[in-house]
Amino acid sequence: MTQLRLGTTAGRATLAAAVIASGMAFLDTTIVNVALPAIGDELSAKLSGLQWTVTGYTLTLAAFVLLGGALGDRHGRRRIFLIGVGWFTLASIGCGFAPTIEVLILARLLQGVGAALLTPGSMAIIQSSFAPEHRSRAIGAWSGLSGVATAVGPFLGGWLIDVLNWRAVFFLNVPLAIAVFWLGRHTPESRNPLVRHTRFDVAGAVLGALGLAGLTYALIATPEVGFSSPQVWAGFAVGISCLISFVAVERRRSRPGVGISDREGRPRIVAMMPVGLFGSRTFSLLNAYTVVVYAAMGGLLFFLAIQLQTVAGYSALEAGLATLPMTLLLLVGSGRSAALAARIGPRLQLVLGGVFGAAGSLMLLAVDQETVYWRDVLPGAIVFGLGMVSHVAPLTASVLSAVDDAHAGVASGINNAAARAASLLAVAGLPMIVGLAGAAYANPEAFDSGYHQAVWWCAGAMAIGAVLAMFLRSPRLGRFRTRRAPA
């Protein structure tokens, strides 16, 4: 297989294609929050419709990202990557032309599937295509440039909405996708030859998706139809039963591995979520930390984007600029944070991540009708951003160090899915908890009250994360390593 080098045309083109494609997926997790009030106004959507606009994308991405990686390993990483880019782009066009909120939600669900195909492929292509001596530099460039896409999302989205309209946010993906296909001509194909001895965990993927979908539907529907409604109970029943079945199915799967057949001689089904990994106390604690912290982050950013526009009277561009310090700090400080964690261990930084996150959330309680940016928004955004710098990079490194090298890929995928699922459920459930429904997002008085309650919940979740981090036993990343592969 061709081993690429950064200084060559093929190396630069492959890296650029991976960065632009993953940037598209990352962009659409941040850029849409700023567009929510404009979408609701034009499409006459209720708050539930705006929730589904956000959670629909996250739902299918979280549910199928592990399956997307497995498809690439079997059928070709470049092929599945480009299929994902095409799928994502067509769904983006559907979002841009959506005449109703229902059509937009459907297109967002499909967009998430495309993101689940391209996201794991972008990293896998770099890992498998570049020569070992160039690989770390390529990965570093991918991480940094993809971070730029995340950072500019709210600003770029706000500018497009103010100059054109919210539909331009989705049409932006078309020229980016054309660039990816053009650059992708230089990308070599790669596969994992061992996966031909395995079968896909289709049951696990379907049960996981249905479980998240059922809970999401029930949480979003409750404020509008009532907790006693049959469809709400049906949603909870489907969600809980499917998630229980998902765990049961994953437990029954044979020990993770490749090249081994079952008793009937058929290729083994490799578990999508090897339950044995949770036998590591550290791995379990880190994923619990991920759930509470990313739930807080997802919930806060969802509410803050609407609060700034509906209550504080910001334009879409101003709302996007308001949160830019958070992602700029993350972009600049992640490398240093990761290096520090490698020297002293991640526990202190994970604790501080929760503490700073809680403090920053509480500082953002000052956002209201009389908001002054320099006094009421910027200090909280900076402190919350410092919390993100403290925990994001050390958390990723800690998860990878908590398991054997053979399971690093699936461990990273599980943690990524946990983060996205937590954000999904927070956006779905927080409005129900604080009593917001219908057109409340457009009512400054009603939304302001719900916002302040939601921020307290987010601050509490961050504080819980800090407490969980205190129970991490190993002081060094290298000492997280388990001694044997989990069953």
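Residues numbered from 1 in each chain as written. Predicted model: local features only at pLDDT ≥ 70, side-chain atom pairs only at ≥ 80, totals over all residues. Heavy atoms only, no water.

**A closer look at the pattern of salt bridges**
Under the defined criterion, the tally for this structure stands at three salt bridges. Arg167 is the partner of Glu42 in a salt bridge, and the nearest nitrogen-oxygen pair spans 2.9 Å. Within this pair, whereas Glu42 is found in helix H1 (residues 9-43), its partner Arg167 is found in the loop between helix H5 (132-163) and helix H6 (168-171), the two being separated by 125 residues in sequence. (Salt bridge = Lys/Arg side-chain N within 4 Å of Asp/Glu carboxyl O. Helix = DSSP H or I, 4+ residues; strand = E, 2+ residues; numbered from the N terminus.)

**Description of the confidence of the model for the protein chain**
Per-residue pLDDT for the protein chain averages 82, and the proportion of residues at 70 or more is 86%. Note that residues 256-261 has pLDDT below 50 and, in this model, 18 contacts with residues that lie over four places away or in other chains. Ignoring residues within four places in sequence, the model shows residues 478-487, a span with pLDDT below 50, making 29 contacts including any to other chains. (pLDDT = per-residue confidence, 0-100. Contact = heavy atoms within 4.5 Å.)

**So, the layout of surface pockets**
As a volume, the second largest pocket reaches approximately 740 Å³. As for the second largest pocket, its lining consists of 32 residues, and the residues nearest its centre are Leu212, Ala417, Ala418, Ala421 and Ala422. For the lining of the second largest pocket, the elements supplying multiple residues, two or more each, are helix H2 (47-75), helix H8 (202-225), helix H9 (230-252), helix H10 (281-310), helix H15 (408-434) and helix H16 (444-469). Of all the elements, H15 adds the most residues to the lining of the second largest pocket, at 10 residues. A per-class count over the lining of the second largest pocket returns 29 nonpolar, three polar and no charged. (1 Å grid on protein atoms, 1.4 Å probe; cavity = no way out; pocket = protein on both sides within 12 Å on 5 of 7 lines; lining within 4 Å. Points joined across faces, edges and corners; volume = space filled by probe spheres on them. Nonpolar A, V, L, I, M, F, W, Y, C, P; charged D, E, K, R; others polar.)

**Things to note about the nonpolar core**
Residues Leu104 and Phe303 are the most contacted members of the largest nonpolar core, which totals 100 residues. Sorting elements by how many residues they give to this core places H10 first, with 14 residues. Residues contacting Phe303, with those up to four places away along its chain left out, are Leu430, Pro431, Val434, Leu436, Phe447, Gly450, Tyr451 and Ala454. Of all hydrophobic cores here, the second largest spans 19 residues; its members include Val65, Phe81, Phe88 and Leu183. (Core = buried A, V, L, I, M, F, W, Y, C linked by side-chain atoms within 4.5 Å. Buried < 20%, exposed > 50% of the residue type's maximum accessible area, 1.4 Å probe, protein only.)

**Section: a nonpolar patch on the surface**
On the surface, a cluster of nonpolar side chains totalling about 590 Å² of accessible area is made up of Leu340, Ile344, Leu348, Leu352, Val355, Phe356, Ile382 and Leu386. Of all elements in the fold, only helix H12 (324-344), helix H13 (347-363) and helix H14 (373-401) reach the threshold of two or more residues within the nonpolar patch. With four residues, the single largest contributor to the nonpolar patch is H13. Tracing the chain through its elements places Ile382 in helix H14. (Patch = residues over 30% accessible without salt bridge, like charges linked within 9 Å, V, L, I, M, F, W, Y side chains within 5 Å. Areas by Shrake-Rupley, 256 points an atom, 1.4 Å probe, with all protein chains shown as cover.)

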